[in-house]
Amino acid sequence: MTEKYIDELITFLRPDNAEHVRLNSSNMVAGLCADKEGMELVIKDNRIIEAILQLTTDEHPTVASYAYTTLINCSASETFSLQLIAKYDIVSTFVTHVLDKESTLSDKACMLLSNVSRTPGAASTLVNCLEKMKSGEWLDELLTAFSTVEYNKHKCKLDYLASFFANLMQLPKVRKMILNKDKEYMKKLVTFLKEENSNVRKGGVVSIIKNSCFQFEHHEWLMGSSVDLLTHLLLPLCGGEEYSDEEMDAMPLDLQYLESDKTRERDPDIRKLLVECVVMLCAERKGRERMRSLNIHFIIDNLVKWETAHGDPDVLETAEDLCKLLVSVENEVDNLMT
């Protein structure tokens, strides 16, 4: 692509051009970013990026959508993602589109926020931008939007906010905020592990939970009646197996008397994350003893049998390790992860 062609393209991307010109040119750039060579061409020219950023707030929703598509494709590059949030004041635009109940761009804005927050450095920069923009209210507003059924009037689901939150939880500061007992964020989040939710939402939420489990001091609260995390993690891992009355009586109530046709979580990556979260809750002896008192090893044993016959070898290995841990005799070690 010649320099002259690029110069002309940038001219066509100007926000004061006629609508059909903006539509065609923004669509052309989005198409360019569909392959690696085109994406690299766009990324290295700041003039194209700056023109595209202006179009994310274009009055024509299709033009703005093409602009977002370009940025989402380009954000596959970590270098570009860092440049995008460090060099340009764009976080407020993305968050505004997420929180705007009338926006048709909310899902794309969520996806972009998820993409650009993957590294700890990027996550830290984003949090700083959010705090300048909305002080201490940003997390509450975003989690409220994420947790509210049909929040967006144009059926945007905001599912990618889950992976955005999980990315931000690389930071101890954000883990502390989400694990604030008074806010009950975790109590709301665990409800999205249910089967009817999308894999994007479930996968993001279980990643949030896994990051939370690194805070060993919160394990007792997480497994307590307020959050009831163990039940929420195990329910997607349960099938319709039968247990004796003696085995079942000790189990959490919501895991008892499940229907015979109860199905397990279908996505093996999500199942593996769920099992890994339970493993992390076994880090301290009191967590392991709690699970033994609830007969959790019977549930995991049935999961092992099911994974052996129908499932995934990686999930099977993790579940086998968990089962061995729960039935083993305790030694002098209290915390297995320190």
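The structure presented is a predicted model; accordingly, all values stated were derived computationally and were not measured.

Conventions adopted
Residues numbered from 1 in each chain as written. Predicted model: local features only at pLDDT ≥ 70, side-chain atom pairs only at ≥ 80, totals over all residues. Heavy atoms only, no water. 1 Å grid on protein atoms, 1.4 Å probe; cavity = no way out; pocket = protein on both sides within 12 Å on 5 of 7 lines; lining within 4 Å. Points joined across faces, edges and corners; volume = space filled by probe spheres on them. Helix = DSSP H or I, 4+ residues; strand = E, 2+ residues; numbered from the N terminus. Nonpolar A, V, L, I, M, F, W, Y, C, P; charged D, E, K, R; others polar. Phe/Tyr/Trp six-rings, centres within 6.5 Å; stacked < 30°, edge-to-face > 60°. Buried < 20%, exposed > 50% of the residue type's maximum accessible area, 1.4 Å probe, protein only. Lys NZ or Arg CZ within 6 Å of the ring centre and 35° of its normal. Salt bridge = Lys/Arg side-chain N within 4 Å of Asp/Glu carboxyl O. Contact = heavy atoms within 4.5 Å. Polar contact = N/O pair within 3.5 Å; in protein donor to acceptor, adjacent residues only side chain to side chain. Axes fitted to C-alpha atoms, helices over the stretch in contact; angles between N-to-C directions. Parallel < 35°, antiparallel > 145°, perpendicular 65-115°, else oblique. Left-handed = near helix turned anticlockwise from the far one by under 90°.

The space that makes up the largest pocket amounts to roughly 370 Å³. Forming the boundary of the largest pocket are 19 residues, of which T148, V149, E150, K157 and R201 lie nearest the centre. Looking at the lining of the largest pocket, the element that brings in the most residues is helix α10 (residues 138-147), giving 3 residues. Of the residues in the lining of the largest pocket, the class split is 7 nonpolar, 5 polar and 7 charged. Here the second largest pocket defines a volume of roughly 250 Å³. Here the residues of the lining of the second largest pocket are counted per class, giving 4 nonpolar, 3 polar and 7 charged.

All told, the structure shown has 4 aromatic pairs when counted by the stated rule. On the basis of an interplanar angle of 65° and a centroid distance of 5.3 Å, the ring pair of F146 and F192 is categorised as edge-to-face. Linking F146 in helix α10 with F192 in the loop between α13 (185-189) and α14 (199-212), this pair joins segments that are 46 residues apart in sequence. For the pair F146 and F192, one class covers both residues: buried. Counting every residue linked through ring pairs, the aromatic cluster contains F146, F164, F165 and F192. Directly above the aromatic system of F192 lies the positively charged group of R201, at a separation of 4.7 Å from the ring centroid.

This part covers empty space enclosed by the protein. The probe, sized like a water molecule, is rolled over the atoms to show the empty space still left. One pass over the full model with this rule turns up 1 cavity of 30 Å³ or more. Taken as a whole, the largest cavity holds about 40 Å³ of empty space. Residue lining of the largest cavity: E78, S81, L82, N115, V116, S117, R118, T119 and A122, and that is the complete set. Of all the elements in the fold, those that place two or more residues in the lining of the largest cavity are α6 (78-87) and α8 (106-116). Considering each element in turn, the lining of the largest cavity owes the most residues, 3 residues, to α6. Each residue belonging to the lining of the largest cavity can be placed in one class, and the counts come to 3 nonpolar, 4 polar and 2 charged.

Here we come to the pattern of salt bridges. All chains considered together, the criterion is met by 14 salt bridges. Across the salt bridge formed by E131 and K173, the nearest N and O atoms sit 3.4 Å from each other. Linking E131 in helix α9 (residues 120-134) with K173 in helix α12 (residues 172-178), this pair joins segments that are 42 residues apart in sequence. The exposure class assigned to E131 is partly exposed, which follows from its relative accessible area of 28%. We classify K173 as partly exposed; its relative accessible area is 41%. Measuring nitrogen to oxygen at the nearest pair gives 3.4 Å for the salt bridge that ties D301 to K305. Here D301 and its partner K305 are both found in helix α20 (residues 296-310), 4 residues apart, which amounts to about one turn of the helix. Each of D7, D45 and R47 takes part in a single network of salt bridges with overlapping partners.

Right, let's talk about helix α3 (residues 36-43) for a bit. Each α-helix winds once per 3.6 residues, and so residues spaced three or four apart point in a common direction. Taken residue by residue, α3 has G38, M39, L41, V42 and I43 as its buried positions. Elements that come into contact with the buried residues of α3 comprise α1 (3-12), α2 (19-32), α4 (46-55), α5 (61-74) and α6. Capping of α3 at its N-terminal end is provided by D35; its side-chain oxygen lies 3.2 Å from the backbone amide nitrogen of E37.

It is the contact of α14 with helix α18 (residues 268-281), at a shortest axis distance of 9 Å, that shows an interaxial angle of 20°. Taken as axis vectors, α14 and α18 run roughly parallel relative to one another. As for the relative orientation of α14 and α18, their crossing is left-handed in sense. Only I270, L273, L274, E276, C277 and M280 of α18 make contact with α14, whose side of the interface consists of N199, K202, G203, V206, S207, I209 and K210. Class assignment for the residues of the contact of α14 with α18 results in 7 nonpolar, 3 polar and 3 charged.

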